[in-house]
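# What the coordinates show
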Amino acid sequence: MNNILLILKREYLTRVKKKSFIIMTIVGPVLMAALFIAPVWFAMMEDDAQKVISVYDETGTYRSAFTDSENLKFNFTEETDREKREDSFLKSGNYALLTIYDKNPDEYVLFSEKTPDISVKEQVSGRIEGFIEAENFKRLGISKNQIDSAKTEIYLETYTISEAGIEKSSAEVPLMIGFAAAIIIYMFIFLYGVQVMRGVIEEKVNRVVEVLISSVKPFQLMAGKIIGIAMVALTQFLLWGILTLFIVGFVYFSFGADIMPQNIDAGQFQNISSEQAEQILGNSFAADTILGFVNFNWTTTIISFLIFFIGGYLLYASLFAAIGSAVDNETDTQQFMLPVTIPLILAFVASQGIIRNPDGAMAFWFSIIPLTSPIVMPIRVALERYEIWELVLSGSILILSFIASVWLAAKIYRTGILMYGKKVSYKELWKWLRYR
Amino acid sequence: MEILKTNKVVKQFENHRALTDVSINVDEGTIFGLLGPNGAGKTTLIRIINQITAPDEGEVFLFNEKLKPEHIKNIGYLPEERGLYKKMKVGEQALYFAQLKGMTKGAAKIRLKNLFEKFDINGWWDKKVEELSKGMQQKVQFIITIVHEPDLLIFDEPFSGFDPINSDLLKKEIIELKENGATIIFSTHNMASVEEVCDNIALINKSKKILDGKVSEIKKQFKSNIFEIVFDGNFNQFSASLTADYKLIEHIQKNQTVQVKVKIQNELSPNDLLSKMLNFGKIISFNEVIPNMHDIFIKAVNGN
């Protein structure tokens, strides 16, 4: 036990002290935050200088459509000669030249020296469309108000109903959380499972392994490595979480509420109806989302997330460790990696379908098979679309299979780490399993 | 007193037999050479003693107790396939291995500082292993092997990868360790070093022990009654006089000086040969030819 701790400590410390770990830990949240903040930021940074657009209107009917606004100013020109008109536009330094030809239907062309901004293009076409629509309403003898009152849009309220009562539900929130859980588990298993494999190969390549196992049992070495690397991953996630919160908080306080959702204290939403929430927020989608977060079944989800997260990692990490022990270098890992990674990738790909149909046969089988259940089952739990017996069965199978895989991997590992210069086949691995 | 004893150890791998009924006894405070051609089973035996693999049959005793996990602390093992973590600092790494052998951090630190001093590598503590040359790494590796002051030290091919200077240094260290009371087993192909340092040997060939005992006795055992005589005189006269009791192995003549090797057959003694020699001139030297370990090794392996 003491030895496992020593190994764990070494595995943990050498990785956490690496420059790449520190850089990833800092850069990760910055990238993540940038992903959320950048679009808002760019929207705010949008060029708000007033642009001047020359307008030549052959029909002479559109003048009232082009009133100056905060960022667009329209200059009308009566120059009928096309070349002269274009010459004077180029000389004027205006942003664009809009030409409306009198054809049937009218033809609209926008010239500019550089490709025009999307927003300018949209604003100009919006002006024209609005003008034509208004003309049409006039011609048809109906007012815009009539049209507006005929149109409708509804918001579908969703509740969950059970014997315990009725509760406000949000379809979006569990979906988001479930999918986030699947992504995190998938990433975690992949990134850190491969690190376990690399670590084992490194010890083999450096020839340090025999020195080690004259002091510790191969199983202790494997266990210490797997757990140590798991703790590296947890550290990274924790730091990412804290740093992301910190960055988001910093941005919020620096740039104020105009780019962030309104400052809301989740506590005030407990036990209130969606109407009341709506009154506070003035928007039923935002109200539902926040209520969804508050009413979300956090306890079950977090507990099952942890179980499937840890179980899945241990299952895959032990397989990766066995692969690492069987080969001499990383290029030889391909033939063994494939059968291990395929179920993982399959589960991830399938999870997108399972989110849409969490009670189907595929969802059931994927959440029972231990190689895929770590990714699929947490989604179903988050969506609350599972039977208790399914959860218990899936969890128990996972736990049993990681015990079995750790046991089998330890056997392969024990023989493999001392084997050099031999291309290993599956038949060979089978033999190793039976060595005493 | 015996420190280590293996009793009819058998190890079978899928396609080949690594050890067949191998029994060895290693006395406390001696240096024991484990010899044999490549693939004979030496490393397998060493791994069994280190509890890296288990024997299929037979037993191993350390201090007259059946081998158990706690014994690991009493053994220092330098494997043939050896290495260090490249990215780790020398001192940190040495501490880590010492702790894995059951030392406390404090005790390990004191002992390592002393060893670093002794091996004149004080300045390396904070260097990364990858910054050291191969020979320097071997030194560190050696220190790691002996840091926990084990009663039994096992070196598998310790001289491979060492230059002659470091080889000599290592030899000296091994002898010093013995003088300080440690018992040493080492496997090697370097027969000269066997003659220099080993008290006892066992020779393993094709999974079986074919020869063992004290080095001096084995040498005696392999003597073939050949004598080397150097004299000033006439070689032809001498060779003509040899009866069937003597067999001339080789001769070299330089000016007046003749050097011959003669094998004495039947029940004759060297004195008979010597008295015969008196007739052929001035005898300069008369020696028994004692086989070296190199010859014994080849003879034993091929003769088997």
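The written sequence of each chain sets the order in which its residues are numbered from 1. All chains are assigned letters beginning at A, and all ligands numbers beginning at 1, according to the order in which they are written. Local features in a predicted model are, by the rule used here, given only for residues with pLDDT of at least 70; side-chain atom pairs are given and counted only at 80 or more, and totals for whole chains, interfaces and linings are based on all residues. Each side-chain value is derived from all of the structure's non-hydrogen atoms; neither hydrogens nor water enter the calculation.

Domain assignment breaks chain B into domain 1 (2–83 + 145–220) and domain 2 (224–288). The straight-line distance from the C-alpha centre of domain 1 of chain B to that of domain 2 of chain B is 42 Å. Segmentation into domains, and thus their bounds, comes from an automatic or database assignment.

The next point concerns the packing of helix H14 (residues 373–382) of chain A against helix H15 (residues 388–416) of chain A. Residue and element names in this part refer to chain A. Working convention: axes come from line fits to C-alpha atoms, limited for helices to the stretch in contact. Angles between N-to-C directions cover 0 to 180 degrees. In DSSP terms, a helix is any run of H or I states spanning at least four residues, a strand is any run of E spanning at least two, and both are numbered starting from the N terminus. Axis separation between H14 and H15 bottoms out at 11 Å; the angle between their running directions is 160°. Here H14 lies roughly antiparallel to H15, going by the angle between them. For the crossing formed where H14 meets H15, the hand is left-handed. Residues Ser373, Pro374, Met377, Arg380 and Val381 of H14 pack against Glu390, Leu391, Ser394 and Leu398 of H15. Under the scheme applied, nonpolar residues are Ala, Val, Leu, Ile, Met, Phe, Trp, Tyr, Cys and Pro; charged residues are Asp, Glu, Lys and Arg; polar residues are all the others, including Gly. Looking at the contact of H14 with H15 residue by residue, the class counts come to five nonpolar, two polar and two charged. The scheme is simple: roughly parallel for angles under 35 degrees, roughly antiparallel for over 145, roughly perpendicular for 65 to 115, oblique for anything else. Throughout, a crossing is termed right-handed when the near helix is turned clockwise from the far one, and left-handed when it is turned anticlockwise from it by less than a right angle. By the convention used here, residues are in contact when the closest approach between their heavy atoms is within 4.5 Å.

Within the patch definition used here, like charges are joined within 9 Å and nonpolar side chains (Val, Leu, Ile, Met, Phe, Trp, Tyr) within 5 Å, considering only residues with over 30% relative accessible area and no salt bridge. Using the Shrake-Rupley algorithm and a 1.4 Å probe, accessible areas are obtained, with residue cover drawn only from the displayed protein chains. Every case where a carboxyl oxygen of Asp or Glu lies within 4 Å of a side-chain nitrogen of Lys or Arg is listed as a salt bridge. By the counting scheme adopted, Arg and Lys are positive, Glu and Asp are negative, and His together with the chain ends is not counted. Here the site of a charge means atom NZ of a Lys, CZ of an Arg, CG of an Asp or CD of a Glu. Together, Lys9 of chain A together with Lys105, Lys109 and Lys113 of chain B make up a region of like positive charge exposed at the surface. Per element, the largest residue contribution to the positive patch is three residues, and it comes from helix H3 (residues 105–118) of chain B. The topology assignment puts Lys105 of chain B in helix H3.

A word on the packing of aromatic side chains. Only rings of Phe, Tyr and Trp enter the pairing, Trp through its six-membered ring, and a pair is recorded when the two centres are within 6.5 Å. The plane angle decides the type: under 30 degrees is stacked, over 60 is edge-to-face, the rest tilted. Enumeration over the complete set of coordinates arrives at 26 aromatic pairs over all chains. With 5.8 Å between their ring centres and 80° between their planes, Phe237 of chain A and Trp240 of chain A make a pair best called edge-to-face. Residue Phe237 of chain A and its partner Trp240 of chain A are located together in helix H8 (residues 218–255), separated by three residues, close to a single helical turn. Ring geometry for Phe364 of chain A and Trp389 of chain A: centres 6.0 Å apart, planes at 55°, overall tilted. With a gap of 25 residues between them, Phe364 of chain A in helix H13 (residues 361–368) and Trp389 of chain A in helix H15 connect regions that are remote in the sequence. Taken together, Phe188, Tyr192, Phe237, Trp240, Phe305, Phe309 and Tyr313 of chain A form an aromatic cluster joined through their ring pairs. Whether a charge sits over a ring depends on NZ of Lys or CZ of Arg being within 6 Å of the ring centre and within 35 degrees of the ring normal. Directly above the ring of Tyr85 of chain B sits Arg10 of chain A, whose terminal nitrogen or CZ lies 3.5 Å from the centroid. Positioned above the aromatic ring of Tyr56 of chain A is the side chain of Arg85 of chain A, whose terminal nitrogen or guanidinium carbon lies 3.9 Å from the ring centre.

Glancing now at the domain arrangement of chain A. Per the domain assignment, the segments making up chain A are domain 1 (2–34 + 172–434) and domain 2 (51–150). In this structure, domain 1 of chain A and domain 2 of chain A have C-alpha centres spaced 56 Å apart.

pLDDT: the predictor's confidence for each residue, scored from 0 to 100. Averaged over chain B, the pLDDT score is 87; the fraction of residues at 70 or greater is 100%. When pLDDT is averaged over each element of chain B, helix H2 (residues 90–100) of chain B comes out on top at 93 and helix H8 (residues 235–241) of chain B at the bottom at 81.

Of the residues lining the interface, 26 residues belong to chain B; the matching set on chain A comes to 25 residues. Here chain B and chain A share an interface that buries about 2,600 Å² over both sides, 55% of which is from carbon and sulfur atoms. Put simply, buried area is the surface a 1.4 Å probe can reach on two separate parts but cannot reach once they are joined, added for both. Ranking the residues of chain B by area buried against chain A places Glu81, Tyr85 and Leu100 of chain B at the top, with a combined share of 25%. At the junction of chain B with chain A, the criterion picks out three salt bridges. Glu92 of chain B is the partner of Lys17 of chain A in a salt bridge, and the nearest nitrogen-oxygen pair spans 3.7 Å. Any pair of nitrogen or oxygen atoms within 3.5 Å is treated as a polar contact; in protein, a donor-acceptor pairing is required on top of that, and neighbouring residues in sequence qualify only through side-chain atoms on both sides. On inspection of chain B and its partner chain A, the count reaches six residue pairs in polar contact (both at pLDDT 80 or more). The element contributing the most residues to the side of chain B that touches chain A is H2 of chain B, with five residues. Residues belonging to the side of chain B that touches chain A are distributed by class as follows: 13 nonpolar, five polar and eight charged.

Before going further, it helps to examine the pattern of salt bridges. Residue and element names in this part refer to chain A. Scanning all chains against the criterion turns up 30 salt bridges over all chains. A salt bridge links Arg82 to Glu86; the shortest N-O distance between them is 3.0 Å. Of this pair, Arg82 and Glu86 both sit in helix H3 (residues 82–92), separated by four residues, roughly a single helical turn. A simple rule labels every residue: compare its accessible area, found with a 1.4 Å probe on the protein chains alone, to the largest value its type can have, and call it buried under 20%, exposed over 50%, or partly exposed in between. The exposure class assigned to Glu86 is partly exposed, which follows from its relative accessible area of 23%. Put simply, Asp359 and Arg385 hold a salt bridge, and the shortest N to O gap is 2.8 Å. On the criterion of sequence distance, the pair formed by Asp359 in the loop between helix H12 (334–356) and H13 and Arg385 in the loop between H14 and H15 is long-range, its members being 26 residues apart. Relative accessible area serves as the criterion here: at 46%, Asp359 is assigned to the partly exposed category. Since its relative accessible area comes to 35%, Arg385 is described here as partly exposed. Linked through salt bridges whose partners overlap, the residues forming this network are Arg10, Glu11, Arg15, Glu203 and Lys225.

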